[in-house]
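Listed below are the residues making up each chain.
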Amino acid sequence: MTQEATALSLGGLTFLLTVIWGGPLIRVLRTLRIGKQIRIVGPERHITKLGTPTMGGWLFVIPVLLITGVLNLVSILSDVNILGNSILLPLVVMLLFAGLGAWDDQLGLRRERGGEGMRARWKFLIQTAIALAAALVLRFGLQAPSLILPNYPDVIDLGLWYVPIATFVIVASCNAVNMTDGLDGLAGLIAATAFAAYGAIALLQGQVFLVRFCFTVVGALFAFLWYNAHPAELFMGDTGSLSLGAVLAVVALMTGQWALLPVIAIIPVSAVASVILQVAYFKWTKGQRLFKMAPIQHHFELVGWSETQVVQRFWLVGLLAGMIGVALALI
């Protein structure tokens, strides 16, 4: 079986297994009332989403961890260049950020906290600590290529600067995907497209282990979207969005093509930019708003787009951006 066929088969297998256990997971979350106190940030019509089960990120995180771990165990142990081909780093990063997100989601369910999760500074510190550890492994363990630029023949060695830069990329990516969440299907579609794009880039570079991992994530996300499509039966919560953003950054860093991440992940980048611009403009004008609401997906809802229109149009932009990113990697 060819590498491409194996990767696509893994995506299909993951999709089937994830869809099968999605229904029971939703019933368990409803029984435990996971979502009863969920805080909705968005237009007033989102009030109908109150009570929808959250922490749904486990729906795709657990299958990815199990399938990737089992199928790669033999090759990891038998490969002479273990660190060079190890898929353990993205798995560990996904698990740690999913755990952090689940903790945040759990705190947000408490009535006395009014739907608020953990304090932002503590969340940021933990994110930074995990990202720093991952950056050190990338630099000194996996010896990942520092930086590959389109139409430039050599790998650019960033030296020790790689560690703080990689740390920033991971933290920024996890929060960007987190800000993209909020509409049914949006974060899942955007993340699946980005992983497919980096799967293609990894294939071009001969990183077979990353190709398989990326398409395993894509298959799991498609299964999640089965339940997250409008009207959503399940939200990924911080459990899903933080883990997806962090592991996407790790994959990008492992390919060395992380400079393409702002292109491939244009929608998450736009969400972050809209929040930064909104806050800056609000302070500069002493109370005026640049957008009707930030992140930017809510602005378009308030100007008259339906939720489905926002998701589909944003996904089309994300799909085009992913295609451009792969094209740049080919140069």
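In this text the structure is predicted, and so the values were computed from the model without any measurement.

J.: Sorry, what's going on with helix H13 (residues 307-330) here?
T.: An α-helix turns once every 3.6 residues. As a result, residues three or four positions apart point the same way. Here H13 is 24 residues long and its end C-alpha atoms lie 35 Å apart, about the 34 Å a rise of 1.5 Å per residue gives. Packing partners of the buried residues in H13 comprise helix H7 (186-204), helix H10 (261-264), helix H11 (266-284) and helix H12 (296-302).

J.: I'm lost on unusual backbone geometry in this one. Help?
T.: Peptide bonds are mostly trans, and most non-glycine residues show a negative phi. The omega torsion across His230 and Pro231 is -5°, close enough to zero to call that bond cis. Relative to the assigned elements, Pro231 resides in the loop between helix H8 (208-228) and helix H9 (237-255). Here the bond from Ala294 into Pro295 is cis, since omega is 0°, no more than 30 degrees from zero. As for its placement among the helices and strands, Pro295 is situated in the loop between H11 and H12.

J.: What am I meant to see in the environment of Gly108 here?
T.: Locating Gly108 in the fold gives a position in helix H4 (residues 88-108). Taking the C-alpha atoms as reference points, Gly108 and Ile34, 74 residues apart in sequence, are found 10.0 Å from one another.

J.: Sorry, what's going on with the packing of H7 against H8 here?
T.: The geometry of a pair of packed helices is captured by two quantities: the angle between their axes and the separation between those axes. Where H7 meets H8, the closest approach of the two axes is 8 Å, and the angle between their N-to-C directions is 160°. It follows from the interaxial angle that H7 and H8 lie roughly antiparallel. Viewed along their axes, H7 and H8 form a crossing whose handedness is left-handed. Contact residues: H7 offers Gly188, Leu189, Ala191, Ala192, Phe195, Ala196, Tyr198, Gly199, Ala200, Ala202 and Leu203, while H8 offers Leu210, Val211, Cys214, Phe215, Val217, Val218, Leu221, Phe222 and Leu225. Residue composition of the contact of H7 with H8, grouped by class: 18 nonpolar, 2 polar and no charged.

J.: Would you explain the packing of helix H6 (residues 162-180) against H9 in this entry?
T.: Two numbers describe how H6 lies on H9: the axes approach to 7 Å, and their chain directions differ by 145°. Helix-helix and strand crossings are classified by hand; for H6 and H9 the assignment is right-handed. Of the residues in H9, those in contact with Tyr162, Ala166, Val169, Ile170, Ser173, Cys174, Val177 and Asn178 of H6 are Asp238, Ser241, Leu242, Leu244, Gly245, Ala246, Leu248, Ala249, Val250 and Leu253. Its residues placed into classes, the contact of H6 with H9 shows 13 nonpolar, 4 polar and 1 charged.

J.: Would you take a moment to explain the packing of aromatic side chains for this structure?
T.: For any pair of aromatic rings, the description rests on two quantities: the centre-to-centre distance and the angle between the ring planes. Applying the stated criterion across every chain, the model contains 5 aromatic pairs. Taking the centre distance of 6.2 Å and the plane angle of 70° together, the rings of Phe15 and Trp226 count as edge-to-face. In this pair, Phe15 sits in helix H1 (residues 3-31) while Trp226 sits in helix H8, placing the two residues 211 residues apart along the sequence. Trp226 gets classed as exposed once you look at its relative accessible area, which sits at 56%. Residues Phe60 and Phe224 carry aromatic rings whose centres are separated by 5.3 Å and whose planes lie at 80° to one another, so their mutual orientation is edge-to-face. Of the two residues, Phe60 is situated in helix H2 (residues 58-78) and Phe224 in helix H8; the sequence distance between them amounts to 164 residues.

Reading the values: rules and limits
Every residue gets a number counted from 1 within its own chain, in the order that chain's sequence is written. For this predicted model, a pLDDT threshold of at least 70 governs which residues receive local features, and a threshold of 80 or more governs which side-chain atom pairs are given and counted, while totals over whole chains, interfaces and linings are taken from all residues. Based on all heavy atoms of the structure, the side-chain values leave hydrogens and waters out of the count. The helix count covers DSSP runs of H or I at least four residues long, the strand count covers runs of E at least two residues long, and both are numbered beginning at the N terminus. In this analysis, the expected span of each helix is defined as 1.5 Å times one less than the number of residues it contains. Contacts were defined at the residue level, with two residues in contact if any of their heavy atoms lie within 4.5 Å. Think of each axis as a best-fit line through the C-alpha atoms, taken over the contacting stretch in the case of a helix, with angles from 0 to 180 degrees between the N-to-C directions. Any angle that is under 35 degrees is reported as roughly parallel, and any over 145 degrees as roughly antiparallel; angles of 65 to 115 degrees are reported as roughly perpendicular and all others as oblique. It is the rotation of the near helix from the far one that decides the hand of a crossing: anticlockwise by less than a right angle makes it left-handed, clockwise makes it right-handed. Each residue receives one of three labels: charged for Asp, Glu, Lys and Arg, nonpolar for Ala, Val, Leu, Ile, Met, Phe, Trp, Tyr, Cys and Pro, and polar for the others, Gly being one of them. Pairing of aromatic rings covers Phe, Tyr and Trp, the last through its six-membered ring, and needs centres within 6.5 Å; plane angles under 30 degrees mean stacked, over 60 mean edge-to-face, and all others mean tilted. A 1.4 Å probe rolled over the protein chains alone gives each residue an accessible area, and that area as a share of the maximum for its type sets the label: buried under 20%, exposed over 50%, partly exposed in between.

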